[in-house]
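Descriptive structure summary
So the chains spell out like this:
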Amino acid sequence: MCKYVPVLRADFTVVLNGITGLCHAATLPDSWIEPELPGQVPMREIANGLALIRHTRWFEENVSHTSTRMLCRVLLDMTRRLSGFQQITSWMVQLLAHHSSLGPSQRDALPIADSLKRALQFLASGFFLDQNLGIVDPCEPNCYRVHQQLEVSGQDDLCCAAQTLLRWLSHGAEKQVLGLDTVRAADISMTVKCRGVIVEPSRAVAESESKETNGAVGKPAAEGDAAKA
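Right, let's walk through the structure included here. Keep in mind that this is a model prediction, so the values were computed, not measured. (Residues numbered from 1 in each chain as written. Predicted model: local features only at pLDDT ≥ 70, side-chain atom pairs only at ≥ 80, totals over all residues. Heavy atoms only, no water.)

Its boundaries defined by the atoms lining it, the largest pocket holds a volume of some 470 Å³. Looking at the largest pocket, it is lined by 17 residues, and the ones nearest its centre are R44, N48, A51, H55 and Q149. If you list the elements that add at least two residues to the lining of the largest pocket, you get α1 (43–62) and α3 (90–101). Broken down by element, the residue count for the lining of the largest pocket peaks at 8 residues, all from α1. Within the lining of the largest pocket, the residues separate by chemical class into 8 nonpolar, 5 polar and 4 charged. (1 Å grid on protein atoms, 1.4 Å probe; cavity = no way out; pocket = protein on both sides within 12 Å on 5 of 7 lines; lining within 4 Å. Points joined across faces, edges and corners; volume = space filled by probe spheres on them. Helix = DSSP H or I, 4+ residues; strand = E, 2+ residues; numbered from the N terminus. Nonpolar A, V, L, I, M, F, W, Y, C, P; charged D, E, K, R; others polar.)

What follows is the structure in structure tokens.
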């Protein structure tokens, strides 16, 4: 006998032998109920669960190299520690790690150090900026690019953060980049001294629409001052 049980969340956590797993509830699109009933799992949550299943299958089928999986862990740790990386989703991290760790042959993965530097070079070059190619989502139709979900300011912050981390790497501050130096832990917005070289963070250049449409931009005032002069 089936019984309707109201559900408020589409995910739950399972802990077994010290390992925590996050489970998501989903169903096939043909089984979706229209309209939504009170207490039913929202359709958006179900769609997100289906997307997670597709992402998991793709990752298991295409990411088998140890260095690629290690790069995923390093980049995920950066999203927790460094501002500018916090808006990146785990799916974007997996695609970036896969794209950065594969060499020209597309078979053998690069060493973890080269893969990390290559990933930062991609981001620092504006790979995830608006109007750039980025990475096509292999699990979505119509050539959807994963960085399209980021706001313009978030894309710019990510590019600035990657540029700053590349400067840290080039001057021997690998421990600060990886978060291993707990004594001299540095924030991405701080000026850091690496081997006698002062490294200043990159500055954002993107402006929000509210600032652009605001009269405080300065052009009308400058024209008025010029007319008075």
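Looking now at helix α4 (residues 112–124). Compared with the 18 Å implied by 1.5 Å per residue over 13 residues, the 18 Å span of α4 between its first and last C-alpha is a close match. By the burial criterion, the buried members of α4 are S115, L116, A119, L120, F122, L123 and A124. Packing partners of the buried residues in α4 comprise α2 (66–81), α3, α5 (152–170) and α6 (174–178). Phi turns positive one or two residues past the end of α4, at G126, with a value near 90 degrees. (Expected span 1.5 Å × (residues − 1). Buried < 20%, exposed > 50% of the residue type's maximum accessible area, 1.4 Å probe, protein only. Contact = heavy atoms within 4.5 Å.)

Before going further, it helps to spend a moment on the packing of α4 against α5. Contact pair α4 / α5: the axes reach a minimum separation of 8 Å and the direction vectors enclose 135 degrees. Looking at the two axes, α4 sits oblique to α5. The way α4 lies across α5 gives a crossing that is left-handed. Seen from α4, the contacting residues are K117, L120, Q121, L123 and A124; seen from α5, they are L158, C159, A162, Q163, L165, L166 and L169. (Axes fitted to C-alpha atoms, helices over the stretch in contact; angles between N-to-C directions. Parallel < 35°, antiparallel > 145°, perpendicular 65-115°, else oblique. Left-handed = near helix turned anticlockwise from the far one by under 90°.)

None of this, on its own, says anything about what the molecule does.
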